[in-house]
Amino acid sequence: MSAHTMSAQETNAAELNDCWRRIGVAGDRSCPALREHVHCRNCPVYADAAQRRLQRPVDPAYRADWARELARPLPTQSALDAAALVFRIGAEWLAAPMALVASVAPLARVHRLPHRSGGALLGIVNVDGRLLPAVSLAALLGIDATQPDGAPPDRRHAFARLLVLAAGAQTYALPVDEVHGVLRHASKAVRAPAATLQRTPSALLAGVIGAEAFGAALDVGLLDAALLEQGLRGLLR
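Residues numbered from 1 in each chain as written. Predicted model: local features only at pLDDT ≥ 70, side-chain atom pairs only at ≥ 80, totals over all residues. Heavy atoms only, no water.

Enquirer: For this particular structure, what's the right way to read a nonpolar patch on the surface?
Expert: Together, V58, Y62, W66 and L70 line one region of the surface with nonpolar side chains, adding up to about 460 Å² of accessible area. On the secondary structure map, L70 appears in helix α5 (residues 60-71). The exposure class of L70 is exposed, given its relative accessible area of 66%. (Patch = residues over 30% accessible without salt bridge, like charges linked within 9 Å, V, L, I, M, F, W, Y side chains within 5 Å. Areas by Shrake-Rupley, 256 points an atom, 1.4 Å probe, with all protein chains shown as cover. Salt bridge = Lys/Arg side-chain N within 4 Å of Asp/Glu carboxyl O. Helix = DSSP H or I, 4+ residues; strand = E, 2+ residues; numbered from the N terminus. Buried < 20%, exposed > 50% of the residue type's maximum accessible area, 1.4 Å probe, protein only.)

Enquirer: In this structure, what is going on with the pattern of salt bridges? I would like to understand it.
Expert: If charged atoms from side chains of opposite charge come close, those side chains can pair. This structure, assessed with the given rule, holds eight salt bridges. We note a salt bridge from R21 to D18, for which the minimum N-O separation is 3.9 Å. Residue class for D18 comes out buried when judged on its relative accessible area of 16%. Here D219 and R191 are joined by a salt bridge, their closest N and O atoms 2.8 Å apart. Remark: R191 occurs in the loop between β9 (178-185) and β10 (205-213) and D219 occurs in strand β11 (residues 216-223); sequence separation between them is 28 residues. When salt bridges with common partners are traced through the structure, they connect D18, R21 and R22 into a single cluster.

Enquirer: Is there a simple way to explain the packing of aromatic side chains in this structure?
Expert: The geometry of two aromatic rings is summed up by the distance between their centres and the angle between their planes. The final tally for this structure, using the stated rule, is one aromatic pair. Aromatic pair W20 and Y46: ring centres 5.1 Å apart, planes at 80°, arrangement edge-to-face. With W20 in helix α2 (residues 19-22) and Y46 in helix α4 (residues 44-54), this pair connects stretches of sequence that are 26 residues apart. Its guanidinium or amino end placed over the ring of W93, R88 lies 6.0 Å from that ring's centre, counting from NZ or CZ. (Phe/Tyr/Trp six-rings, centres within 6.5 Å; stacked < 30°, edge-to-face > 60°. Lys NZ or Arg CZ within 6 Å of the ring centre and 35° of its normal.)

Enquirer: Please clarify how the confidence of the model for the chain should be interpreted in this entry.
Expert: Residues shown with low pLDDT carry predicted positions that ought not to be read at fine detail. Put simply, the chain has an average pLDDT of 82, and 81% of its residues get 70 or more. Segment residues 1-14 is flagged for pLDDT under 50; beyond a separation of four residues in sequence, or across chains, it makes 10 contacts in the model. (pLDDT = per-residue confidence, 0-100. Contact = heavy atoms within 4.5 Å.)

Enquirer: What am I meant to see in unusual backbone geometry here?
Expert: It is generally the case that most residues other than glycine have a negative phi and that most peptide bonds are trans. In this structure, R29 takes a positive phi of about 60° despite not being glycine. Structurally, the position occupied by R29 is in the loop between α2 and α3 (34-37). On the accessibility criterion, R29 (54% relative accessible area) is exposed. With a phi angle near 70°, V38 is a residue other than glycine that sits in the positive phi range. As for its position among the elements, V38 is in the loop between α3 and α4.

Enquirer: How should I be thinking about the state of the cysteines in this particular structure?
Expert: By definition, a disulfide links two cysteine residues through a covalent bond between their sulfur atoms. Applying the stated criterion across every chain, the model contains zero disulfides. Just so you know, C19 is unpaired, no disulfide at all, and the nearest cysteine sulfur is the one on C31, 6.1 Å from it. With relative accessibility at 21%, the residue C31 sits in the partly exposed group. (Disulfide = S-S within 2.5 Å.)

Enquirer: How should I be thinking about α5 in this particular structure?
Expert: For an α-helix, the turn length of 3.6 residues means that residues three or four places apart are oriented alike. Between its terminal C-alpha atoms α5 stretches 16 Å, which fits the 16 Å expected from 12 residues at 1.5 Å a residue. Here α5 starts with a cap whose side-chain oxygen sits 3.1 Å from the backbone nitrogen of A61, and that cap is D59. (Expected span 1.5 Å × (residues − 1). Polar contact = N/O pair within 3.5 Å; in protein donor to acceptor, adjacent residues only side chain to side chain.)

Enquirer: How do you make sense of the nonpolar core when you look at a structure like this?
Expert: Soluble globular proteins tend to bury their nonpolar side chains together. By size, the foremost hydrophobic cluster in this structure holds 24 residues, and its most contacted members are F87, L137 and L165. When residues of this core are traced back to their parent elements, those giving at least two are β1 (82-89), β2 (92-97), α6 (137-141), β7 (161-167), β8 (170-176) and α7 (225-235). With residues near it in sequence (within four places) discarded, L165 still touches A96, L100, V101, A102, Q170, T171, Y172, L174, L228 and L232. (Core = buried A, V, L, I, M, F, W, Y, C linked by side-chain atoms within 4.5 Å.)

Enquirer: How should the environment of V127 be read in this particular structure?
Expert: Mapped onto the elements, V127 comes out in strand β5 (residues 121-127). Accessibility expressed as a relative area gives 2% for V127, which makes it buried. Put simply, V127 and V164 are 37 residues apart on the chain and 8.7 Å apart in space, counted from C-alpha to C-alpha. In contact with V127, not counting residues within four places along its chain, are A105, L132, L162, V164 and A173.

As structure tokens, this is what we get:
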């Protein structure tokens, strides 16, 4: 009789020969073979018992359960064909398409420009040795940045950052209250923006995507790359 057709009695007998538990490292260590093998896992008796255990006949009910499980059709999911960087301004969670994102930098002092600063254009800021126009995305989108913090209550730390966007030939620095990270999403899953923001949605939003952050479900406003680039470019005219 081959090992693959071993009877249940033979399998039980092999399981009872657990010498490693009686006289081996898990027992009283009186096995003379320990002098040679040091540990039971190096002993051929232990290896043979493991092989026999793996060759036990499969219970028919167990096989049937797994057959039903594996026969289930896979759930249909939309392809994750887009990516965006999720960040927060005030109480609003937003996302910028990764095609626009150049980097994320530490917050730095903004220097006002004579006769130009004000509104959405805050001034200029030094980012890695480059002077970039600093833009208030809150002002550009009409968001009240003084609203209560939008982070879940279990958050302990949130660090403000500069979101550096490359729109066309110009690069901009946008102060944000927090950066969550890159979110891959399906373009087909983008929803209309009316149900997410606490006010009339901005014309710069392409829609809303769902995200999971800090153990909570979030509705994130996805910025329209072309319209955002157009809005940023208009501030420098």
